[in-house]
Amino acid sequence: MHLNDGEVSVSYACDEKYVRVSVKDSGIGISTDKINRLFNPEKSDVQLGTDGEKSSGLGLSVCKEFCDILQGKIEVESTEGLGSTFSFALPKYSEEHRELAGMKEKQATPTGH
């Protein structure tokens with residue numbers, strides 16, 4: 001996908017345990033000090049994006065929270081002036097997950113008396 005003079009690509013990879021999705025752009029990039037604050041909602045900075053749009057990064061802290069809940073992880077690699085790659089990895093649905101879901105379903109289902 002091309003946006004103005006930039007480019008965005010989405011890729012995925014799977015291994016035995018995880019599914020990983022990555023979004024890479026050729027935007028303005030992010031400085032190292034801001035990367036360290038990206039996933040913290042209390043330390044959000046308003047920054048202008050490639051098209052001058054405002055972004056506080058609040059959505060990234062929500063994404064991190066979801067990844068944490070699902071026992072996954074989220075990462076960013078970035079170079080100022082070259083762009084960024086945001087990736088998240090989540091565990092594949094396994095037989096263990098299926099058993100846990102079944103146990104939770106049984107606990108939530110009222111029993112007839």
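Residues numbered from 1 in each chain as written. Predicted model: local features only at pLDDT ≥ 70, side-chain atom pairs only at ≥ 80, totals over all residues. Heavy atoms only, no water.

## Some points on the pattern of salt bridges
Logical step 1: Scanning the entire structure with this criterion turns up three salt bridges.
Logical step 2: Between Arg 20 and Glu 75 there is a salt bridge, and its shortest N-O distance comes to 2.6 Å. Linking Arg 20 in strand β3 (residues 18-25) with Glu 75 in strand β6 (residues 73-79), this pair joins segments that are 55 residues apart in sequence.
Logical step 3: Residue Asp 33 is joined to Arg 37 by a salt bridge in which the shortest nitrogen-to-oxygen separation is 3.8 Å. (Salt bridge = Lys/Arg side-chain N within 4 Å of Asp/Glu carboxyl O. Helix = DSSP H or I, 4+ residues; strand = E, 2+ residues; numbered from the N terminus.)

## Quick notes on the packing of aromatic side chains
Where two aromatic rings form a pair, the distance of their centres and the angle of their planes describe that pair.
Logical step 1: Overall, the coordinates contain zero aromatic pairs when judged by the stated rule.
Logical step 2: Positioned over the ring face of Tyr 18 is Lys 73, at 6.0 Å from the centre of the ring. (Phe/Tyr/Trp six-rings, centres within 6.5 Å; stacked < 30°, edge-to-face > 60°. Lys NZ or Arg CZ within 6 Å of the ring centre and 35° of its normal.)

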